Amino acid sequence: MITDPIADMLTRIRNAHLALHKEVNVPRSKMKESLAAILKQEGYVEDVAVANGHITITLKYQDGKPVITGLKRVSTPGRRVYVGAHSIPRVQNGLGICILSTSSGILDGMTAQEKKVGGELLCEIW
């Protein structure tokens, strides 16, 4: 039984990048689907496909090196981290993104600042 499915997804992506795999399969949920869509929208992964209860994420490489250099789970089941609209952190001095769970849905940090909403800080990606 997985107690933190988001951390599991991030770990699968991290491990697949380290092994230089082309794609990774993750069990499907609405939240993971939203996270994967944000990763595709921001250009961190090539493609995201949903089928048969799984999300297939095609990883992106540039000159043989992974585009994603780091993934960090911030809010965990044992320690929830919430941020206000004006205190959303900048990741790696603006080179990365943070993903929040807000009342407007799963959003990246810049979109959440534009909409002036805060929420649970799920993860940081750079």
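Now for a description of the structure that goes with this document.

Definitions and cut-offs
- Residues numbered from 1 in each chain as written.
- Predicted model: local features only at pLDDT ≥ 70, side-chain atom pairs only at ≥ 80, totals over all residues.
- Heavy atoms only, no water.
- Helix = DSSP H or I, 4+ residues; strand = E, 2+ residues; numbered from the N terminus.
- Buried < 20%, exposed > 50% of the residue type's maximum accessible area, 1.4 Å probe, protein only.
- Lys, Arg positive; Asp, Glu negative; His and termini not counted.
- Salt bridge = Lys/Arg side-chain N within 4 Å of Asp/Glu carboxyl O.
- Contact = heavy atoms within 4.5 Å.

1. Description of unusual backbone geometry
Working step 1: Phi at N52 is positive, roughly 50°, even though this residue is not glycine.
Working step 2: Of note, N52 is situated in the loop between β2 (45-51) and β3 (54-59).
Working step 3: Taking the relative accessible area as the measure of exposure, N52 reaches 78% and is therefore exposed.
Working step 4: Phi angles above zero are rare outside glycine, and Q92 is one such case at about 50°.

2. Brief notes about the side chain of E124
Working step 1: You can see E124 is positioned in strand β10 (residues 119-125).
Working step 2: Here E124 sits buried without a salt bridge, and the closest side chain of opposite charge, K72, lies 4.5 Å off (N-O distance).
Working step 3: With residues near it in sequence (within four places) discarded, E124 still touches G70, L71, K72, V74, P89, V91, I97 and C98.

Function cannot be read off these values alone, since they describe shape.
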